[in-house]
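# Inside the fold
Chain by chain, the residues:
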Amino acid sequence: STLRAVLESQGYHCKEAENGAEALEYLEHEHFDLVITDNRMPVLNGVEFLEKLAEKGGKNPPVIFFTGDLSMAEKDRALRAGARAVLEKPPNFGEIISAVAQALAH
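As a starting point, this report considers the structure included with it. Not measured: the values here are computed from a predicted model.

### Structural notes on the packing of helix 2 (residues 20-29) against helix 3 (residues 46-56)
Viewed as axis vectors pointing N to C, helix 2 and helix 3 meet at an angle of 25°, and their least axial separation amounts to 10 Å. In terms of orientation, helix 2 and helix 3 fall into the roughly parallel class. Every pair of crossing elements has a handedness; the one defined by helix 2 and helix 3 is right-handed. Contacts between helix 2 and helix 3 involve Gly20, Ala23, Leu24, Leu27 and Glu28 from the first element and Phe49, Lys52, Leu53 and Lys56 from the second. Here the contact of helix 2 with helix 3 is built from residues that sort into 5 nonpolar, 1 polar and 3 charged.

Encoded structure:
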């Protein structure tokens, strides 16, 4: 909710999902310009979410991935599955806003 407040204060419209499976469902029915995901989520963790999204094929939105506990191998796995950026926790809001702007510019 803090991240959402920061992004909305910058003029971005946000929608939250409780877990990776719910986010995939949203992506089936709505267009999103960007996805920001945490690795620690119930149902599907962040890496699993990215891999399922990549399996869908088609034009998927860029993804910014948050983690506080990922090994280098798992970070590489997230990047291979399509993460545009992998950011460490705790979040630096300036870094987040910069990553969002860069992801949306591509």
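### So, the sheet that holds strand 2 (residues 63-67)
Strand order across the open sheet formed by 3 strands is 1-2-3, with parallel pairing between neighbours. At either margin of the open sheet sits one strand with a lone partner, and together these are strand 1 (35-38) and strand 3 (83-88). Strand-to-strand twist in this sheet, taken as the mean axis angle between neighbours without regard to direction, amounts to 20°. Along the sheet face, helix 3 touches strand 1, strand 2 and strand 3 and points at about 160° away from the line of strand 2.

### A few points about helix 5 (residues 93-105)
Between its first and last C-alpha atoms helix 5 spans 18 Å; for 13 residues at 1.5 Å apiece the expected length is 18 Å, and the two agree. Buried within helix 5 are the following residues: Ile96, Ala99, Val100 and Ala103. Here the buried residues of helix 5 occupy an arc of 100° about the axis, which is enough to place them on one side. Each element contacted by the buried residues of helix 5 is listed here: helix 1 (2-9), strand 1, strand 2 and strand 3. For helix 5, the N-terminal cap is asparagine 92; the gap from its side-chain oxygen to the backbone nitrogen of glycine 94 is 2.9 Å.

The rules behind the values
- Residues numbered from 1 in each chain as written.
- Predicted model: local features only at pLDDT ≥ 70, side-chain atom pairs only at ≥ 80, totals over all residues.
- Heavy atoms only, no water.
- Axes fitted to C-alpha atoms, helices over the stretch in contact; angles between N-to-C directions.
- Helix = DSSP H or I, 4+ residues; strand = E, 2+ residues; numbered from the N terminus.
- Parallel < 35°, antiparallel > 145°, perpendicular 65-115°, else oblique.
- Left-handed = near helix turned anticlockwise from the far one by under 90°.
- Contact = heavy atoms within 4.5 Å.
- Nonpolar A, V, L, I, M, F, W, Y, C, P; charged D, E, K, R; others polar.
- Pairing = 2+ DSSP bridges.
- Expected span 1.5 Å × (residues − 1).
- Buried < 20%, exposed > 50% of the residue type's maximum accessible area, 1.4 Å probe, protein only.
- Arc of directions from axis to C-beta.
- Polar contact = N/O pair within 3.5 Å; in protein donor to acceptor, adjacent residues only side chain to side chain.

Everything listed here is a matter of coordinates, which is why it stays silent on function.
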